[in-house]
Amino acid sequence: MGSSLCVSIFLVLSIFIQSSAYGQSLGLEPFRRRSRDVQPKTLQNTETRFLLFEGETENGCQIQLHHPDTLQQCGFNSSLPLVMIIHGWSESVQFSRSNVHLIGYSLGAHVSGFAGSFIGGKQKIGRITGLDAAGPLFEGTSPSDRLSPDDADFVDAIHTFTREHMGLSVGIKQPVAHYDFYPNGGSFQPGCHLLELYKHITKHGLNAITQTIKCAHERSVHLFIDSLMHADTQSTGYTCSDMDSFSQGLCLNCKKGHCNKLGYHISQQWRSKKSKKLFLVTRAQSPFKVYHYQLKIQFVNQIEKPVEPTFTMSLLGTKEEVQKIPITLGEGITSNKTYSLLITLDVDIGELVMIKFKRENSAVWANVWNTVQTIIPWGRGPLYSGLILKHIRVKAGETQQRITFCLENMDDLQLHPTQEKNFVRCNVTSKKLKGKNT
């Protein structure tokens, strides 16, 4: 994991013993899959020994890492019950518990919590990370019966598969840590839908169905690994009540610990007794980081009846430009109402310098009707009148920068279908905005 990671890390994962016609293999997904692509000479050695004891044998048979055939050589019998004993450290060794970091995936998250809670003495384990802690039999239970913030000095959790099926979810939904991250709302993850099955068939063959089912559950592991592999592009989560509010861009606040980095490099400064729920959007593959922006838009509509046009937006930054981002405002646009929405970008565009805002021509028949009425007036107003948009306010989540953009050409205020307007940075206070838009 690199020389920069100086603390001791204890990785506690659920271990699955899989049987096949040719014997047994010991695998940790997705790590086993990666090891196949690595040449044997590059495999890391470890001083940790894994011993298999059968019956009354005193000297265990050693199972070698990256050599699943040693399971068969040691006489592993998959039909017998399996008991795993994981030793800790001796009190005679001068080793501080605060340097211990337990990382548990699925059921292993709760195992890590139990390990932390059952250690005696005044000093707790330094940190526990729960990766999509198991939901069945743990959802709604008391803190003593599951992973909880009391199990270590600092506990963080990543929830990635909390969608319910028949009243149960694979991952636990309730907060279980000091900081609980809910990427993409936590219920499901992009790239894990059954529609992605054909991609998994190409990559995993006959194991595609299994890979698709566990894709969202394992995403928690990949997100944590991503935080180690891409230390320069850390994903940020923001404290929010729910995903609906977050999707409106209402929660991009980093004051007093209201945001934090997801994964290994999380800040432990603002921990509190009450769990904090943090939300964020991610990409479907590594690197998972996206850049969050809140946009506040207020239209001046020239007709009383709400209109429902569609828009696209292009953002020009000091590094890159992202074009034709679809903008959805939901219900019909009414006059003098401020709309807040969340925009996410896969790339770092740098500092935002210009916005190109375009009203799309979605209502074809409405525009034809307006044209006919222009030629043959029937005493009825147009179905879609011009909209006036003078200002756009933007807040960048990652930098916490607030910027106001004003219409570049104030001589032509109306935003007609298929028309694109440029908005440039300007200095306008909130009071002046309210006064000019009314």
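For the structure, see preceding data.
Residues numbered from 1 in each chain as written. Predicted model: local features only at pLDDT ≥ 70, side-chain atom pairs only at ≥ 80, totals over all residues. Heavy atoms only, no water.

Draft legend 1. Spatial organisation of the state of the cysteines. Summed over all chains, the structure comprises five disulfides. The disulfide bridge from Cys240 ends at Cys251, spanning 1.9 Å between sulfur atoms. In this pair, Cys240 is assigned in the loop between strand S12 (236-239) and helix H6 (243-247) and Cys251 in the loop between H6 and strand S13 (259-261), connecting sequence segments eleven residues apart. Judged by relative accessible area, Cys240 falls into the buried class, the value being 8%. One disulfide in the model links Cys406 with Cys426; its S-S distance is 1.8 Å. The disulfide joining Cys406 to Cys426 has a torsion of about 75 degrees about its S-S bond and is therefore right-handed. With Cys406 in strand S21 (residues 402-407) and Cys426 in strand S23 (residues 420-426), the pair connects residues that are 20 residues apart, well separated along the chain. No difference in accessibility class separates Cys406 from Cys426, as the two residues are buried. (Disulfide = S-S within 2.5 Å. Helix = DSSP H or I, 4+ residues; strand = E, 2+ residues; numbered from the N terminus. Buried < 20%, exposed > 50% of the residue type's maximum accessible area, 1.4 Å probe, protein only.)

Draft legend 2. Spotlight on the packing of aromatic side chains. Applying the stated criterion across every chain, the model contains ten aromatic pairs. Put simply, the rings of Tyr182, Tyr238, Phe246 and Phe279 touch in pairs and so form one group of aromatic residues. We note Arg163 situated over the ring of Phe188; from NZ or CZ to the ring centre the distance is 4.3 Å. Sitting above the plane of the Tyr291 ring, Lys289 keeps its charged end 4.8 Å from the centroid. (Phe/Tyr/Trp six-rings, centres within 6.5 Å; stacked < 30°, edge-to-face > 60°. Lys NZ or Arg CZ within 6 Å of the ring centre and 35° of its normal.)

Draft legend 3. Quick look at the nonpolar core. By size, the foremost hydrophobic cluster in this structure holds 31 residues, and its most contacted members are Phe299, Phe357 and Ile392. Looking at this core, the elements that each hand over two or more residues are strand S15 (291-301), strand S16 (311-317), strand S17 (321-327), strand S18 (338-345), strand S19 (352-359), strand S20 (387-396) and S21. Here Phe357 is in contact with Ile297, Phe299, Phe311, Thr312, Met313, Leu389, Ile392, Leu415, Gln419, Glu420, Lys421 and Phe423, once residues within four sequence places are set aside. Residues Ile103, Tyr105, Phe181 and Val221 belong to the second largest nonpolar core, which totals 17 residues. (Core = buried A, V, L, I, M, F, W, Y, C linked by side-chain atoms within 4.5 Å. Contact = heavy atoms within 4.5 Å.)

Draft legend 4. A look at helix H3 (residues 107-118). Spanning twelve residues, H3 covers 17 Å between terminal C-alpha atoms, matching the ideal 16 Å at 1.5 Å per step. Among all positions of H3, only Gly108, Ala109, His110, Ser112, Gly113 and Gly116 are buried. (Expected span 1.5 Å × (residues − 1).)

Draft legend 5. Representation of the pairing of strand S6 (residues 100-105) in the model. Of all six residues making up S6, six are buried, and the element is well covered by its neighbours. Of the two faces of S6, both are covered, the one formed by Val100, Leu102 and Gly104 as well as the one formed by His101, Ile103 and Tyr105. Pairing geometry for S6 and strand S7 (residues 127-131), over five bridges, is parallel. Paired with Ile103 across the bridge in S7 is Thr129. Following the chain from S6 across H3 to the adjacent parallel S7, one finds a crossover that is right-handed. (Pairing = 2+ DSSP bridges. Right-handed = clockwise from strand over helix to strand, strands pointing away.)

Draft legend 6. Molecular detail of the environment of Lys274. Its location among the elements puts Lys274 in the loop between S13 and strand S14 (276-280). In this structure Lys274 comes out as exposed when scored by relative accessible area, which is 68%.

Draft legend 7. Main features of the pattern of salt bridges. In the structure shown here, the tally under the stated rule is seven salt bridges. Between Lys214 and Glu218 there is a salt bridge whose closest N-O contact spans 3.7 Å. Taken together, the residues Lys214 and Glu218, both in helix H5 (residues 208-229) and four residues apart, mark about one turn of the helix. Across the salt bridge formed by Lys421 and Asp412, the nearest N and O atoms sit 3.0 Å from each other. (Salt bridge = Lys/Arg side-chain N within 4 Å of Asp/Glu carboxyl O.)

Nothing here speaks to function; it is geometry throughout.
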